[in-house]
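Summary of the model geometry
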Amino acid sequence: MRMRMVDRMSDRDTLWHIATYAVSIAALLLLWEIASVIIFHVKGRAFLPNPVQAIAEMVRLGPLLFRNFWISAWRLVLAILIAFAAGYPLGLLSGHERRLDRLISPIIYIVYPIPQVAFILILFLIFGIGNPVKVAIVALALFFQILVSARGAAKQIQEEHVMSVLSAGATRWQVYWHVVLPATLPSILTSLRVSVGLGMAFLYIAETTGAFDPRQQGLGRFIETNQYNSQQAFAGILAMALLGLILYILIDVIERIVCRWRYTSRRPS
Amino acid sequence: MIDIRDVVVEYGRGLRAVRAVNGVSLQVARGESLALVGPSGCGKSSLLYAISGLLPPAEGSITLNGEPVLGPQREVALILQNAGLLPWKTVWQNANLSLKLGGEYPETTAENVLDEMGLLPVRDRYPVELSEGMKRRVGIARALSTAPHAMLMDEPLASLDALTKERIQDLFLRLWNRHRFSLILVTHDIEEAAFLGQRIAVLSECPATVKTVVENPEVGGLDYRLRSGFHRTVAQLRSELEK
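As the structure is a computational prediction, the values presented were derived from the model and not from experiment.

1. Quick notes on the overall build of chain B
For chain B, the helix and strand inventory stands at 7 helices and 10 strands. Here the C-alpha atoms of chain B give a radius of gyration of 18 Å, agreeing with the 18 Å that 2.2 N^0.38 yields for 243 residues. Each principal axis of the C-alpha atoms in chain B carries an extent, and together these give about 50 × 45 × 30 Å. Every one of the 243 residues in chain B was classed for burial, and the buried ones make up 45%. In chain B, the share of contacts with a sequence separation of at least 24, taken over all contacts with a separation of at least 6, comes to 68%.

Below is the structure:
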């Protein structure tokens, strides 16, 4: 009975979620339309195409835009995965193991504040001009972001939770599996959301910097080469926004699965 | 039998070392209950963590059934202040945790314990969905799941309302009567100590030493709160703590 009620509530939640997303997107499109009209009247030229024109251009460019979308998407996802695989465990270790932290934290404090774009030339020299360098630029920027977040989250773990499993005879590995990992998941998923935005910015820089293969442009290069054709440029910008939206939704879905306890109804005290 | 001899517990090392427990000696026989009372921050919890094996004593020795306690032991269950439940695990997963960490998974054991606690209907809920009283019962279920020889409790009923507190004290008493584990209870609730402790060790200000041990042999009945022995013990404890 309770399960059926929970299912029904969960269906209603999902519908509510979709409805609010739809309203939010509609509001954004409306604001865009208003801005487009105002700019047209003030400047006398359509510097900012309206949403209908941009969406129509997206449809017209179809396969070409999709190819670039796909190239950028896998570069970004691969970079996030590499940064996550390297930064998350290292951040957890650094945040939870005091001795290791003493070794790692000075390195973080020195390297993290350096703008990661400063390393672009070195990365081009190491990885050449193909796909690897574009992925490496984004992965390097996100690595520190995820590392710092994971370290902070691991430091915030309640001592009581660690004591609770240690007193039951947990090994070090079991402490990580039963406490450190789940306790830091919500923070790290928030960090991943930030990483999507940051990753997009670095992807744009990576795709528009240096030499490139005309068959492997990506959305960044597509937008840059069409910057004097605002309708095409905005079709590319819309495609980038769509990529971000898909990744955000994906992270939301992952969070609902792996952090289920955060989505249960809290009992009033 | 838990044998605590001249135990000293310190935090930090060398000149910066802060002594929390200073030469405490106590014995708790199998099936006996001992309550530790004392002022806030006197070192009661530190002593309990040392007994559980989480905190190695700087001096002295702690043995369980003749074997030195060198780390957390399966035979000793520790219940922390807020039950120590993991928010990301369901009632069932929390209750099973000690068994799972030990590499065992006899589901019937955990199921029986949850049944005994009246928690089976909420087995799939998360701690955030439970009342404070229920959370404490899950903590007890987890402690009981390994059938421990000794149960150590660090202010397990702190911050509960009076009625819920009494109900869980009654539950502790019933479980202690049924399972006859050794019970060491840290509390600053004098009435709780008098209701559950056959002996009550009154500790001094930090670093903790044993000021006196109050005998309370009539403990064991649910109606003990109504008896004159209970009120005598409460009065005696109050006067010892005020000294």
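2. Regarding the overall build of chain A
In terms of helices and strands, chain A carries 9 helices and 0 strands. Traced from its N-terminal end to its C-terminal end, chain A shows the element sequence α-α-α-α-α-α-α-α-α. With the C-alpha coordinates of chain A rotated into their principal frame, the extents come out at 70 × 60 × 35 Å. Sorting the 269 residues of chain A into buried and exposed places 31% on the buried side.

3. Description of the sheet that holds strand β10 (residues 210-215) of chain B
All names here are of chain B. Read across the open sheet, the 6 strands follow the order β6-β7-β8-β3-β9-β10; overall the sheet is mixed. Looking along the sheet, the strands with just one partner apiece sit at the ends: β6 (76-79) and β10. Direction aside, the axes of adjacent strands within the sheet are offset by 15° on average.

4. A word on the domain arrangement of chain B
Residues and elements named next belong to chain B. Taken domain by domain, chain B holds domain 1 (1-41 + 53-75 + 149-226 + 231-235) and domain 2 (83-147). Of note, the centres of domain 1 and domain 2, computed from C-alpha atoms alone, are 23 Å apart. The element that contributes the greatest number of residues to the side of domain 1 that touches domain 2 is helix α5 (residues 162-179), accounting for 4 residues. Residue classes in the side of domain 1 that touches domain 2 are distributed as 6 nonpolar, 1 polar and 2 charged.

5. Regarding the interface of chain A and chain B
Across the contact, 19 residues belong to chain A and 20 residues belong to chain B. Counting only elements with at least two residues in the side of chain A that touches chain B, the list comes to α6 (159-167) and α7 (172-208) of chain A. No other element matches α6 of chain A, which puts 7 residues into the side of chain A that touches chain B. Considered class by class, the residues forming the side of chain A that touches chain B number 8 nonpolar, 8 polar and 3 charged.

6. Some points on the domain arrangement of chain A
What the domain assignment lists for chain A is domain 1 (1-48) and domain 2 (61-263). Measuring from the centre of the C-alpha atoms in domain 1 of chain A to the corresponding centre in domain 2 of chain A gives 26 Å.

7. A short note on helix α2 (residues 51-96) of chain A
Residues separated by three or four positions in an α-helix point in the same direction, a consequence of the helix having 3.6 residues per turn. An ideal rise of 1.5 Å per residue puts 68 Å on 46 residues; α2 of chain A reaches only 49 Å between its terminal C-alpha atoms. At Gly-62 of chain A, α2 of chain A is deflected by roughly 90°, the largest bend along its length, and proline Pro-63 of chain A occurs up to four residues later in sequence.

8. Digging into the nonpolar core
Judged by nonpolar contacts, the single largest core of 123 residues is most densely connected at Val-138 of chain A together with Leu-36, Leu-47, Ile-51, Leu-152 and Ile-184 of chain B. A total of 14 residues in this core trace back to one element, the largest contributor, which is helix α5 (residues 131-155) of chain A. Sequence-distant contacts of Leu-47 of chain B, defined by excluding residues within four places in its chain, comprise Val-7, Val-9, Val-21, Val-24, Leu-36 and Ala-208 of chain B.

9. A closer look at the pairing of strand β2 (residues 18-28) of chain B
Residue and element names in this part refer to chain B. The pairing of strand β1 (residues 2-11) with β2 spans 8 bridges and is antiparallel. Within the sheet, the bridge partner assigned to Ile-2 lies in β2 and is Val-28. The antiparallel pairing of β1 with β2 creates a hairpin that spans 6 residues between the two strands, and Gly-12 there sits at a positive phi of about 80°.

10. Remarks on the sheet that holds β2 of chain B
Residue and element names in this part refer to chain B. Across the sheet, 4 strands lie side by side as β2-β1-β4-β5; this open sheet has antiparallel pairing. Each edge of the open sheet carries a strand with a single partner, namely β2 and β5 (67-68). Running over the sheet, helix α1 (residues 44-52) touches β1, β2 and β4 (59-64) and is turned about 120° from β1.

11. A few points about the packing of helix α4 (residues 132-144) of chain B against α5 of chain B
To describe two helices that pack against each other, one gives the angle between their axes and the distance between the axes. All names here are of chain B. At a closest axis distance of 10 Å, the pairing of α4 and α5 adopts a crossing angle of 15°. Here α4 lies roughly parallel to α5, going by the angle between them. Remark: the crossing between α4 and α5 carries right-handed chirality. Contact with α4, carried on its side by Glu-132, Gly-133, Arg-136 and Leu-144, involves Thr-164, Arg-167, Ile-168 and Leu-175 of α5 and no other residues of that element.

12. Notes on the pairing of β1 of chain B
Summarising the sheet, β1 of chain B and β4 of chain B pair through 5 bridges and their orientation is antiparallel. Bridging from a neighbouring strand, Val-8 of chain B pairs with Glu-59 of chain B of β4 of chain B.

The rules behind the values
- Residues numbered from 1 in each chain as written.
- Chains lettered and ligands numbered in written order.
- Predicted model: local features only at pLDDT ≥ 70, side-chain atom pairs only at ≥ 80, totals over all residues.
- Helix = DSSP H or I, 4+ residues; strand = E, 2+ residues; numbered from the N terminus.
- Rg over C-alpha atoms; globule rule 2.2 N^0.38 Å.
- Buried ≥ 20, exposed ≤ 12 C-beta atoms within 10 Å, placed from the backbone.
- Contact = placed C-beta atoms within 7 Å.
- Pairing = 2+ DSSP bridges.
- Axes fitted to C-alpha atoms, helices over the stretch in contact; angles between N-to-C directions.
- Domains from an automatic or database assignment.
- Nonpolar A, V, L, I, M, F, W, Y, C, P; charged D, E, K, R; others polar.
- Expected span 1.5 Å × (residues − 1).
- Bend = angle between axes of the 7 residues up to and from the residue.
- Core = buried A, V, L, I, M, F, W, Y, C linked by C-beta atoms within 7 Å.
- Parallel < 35°, antiparallel > 145°, perpendicular 65-115°, else oblique.
- Left-handed = near helix turned anticlockwise from the far one by under 90°.

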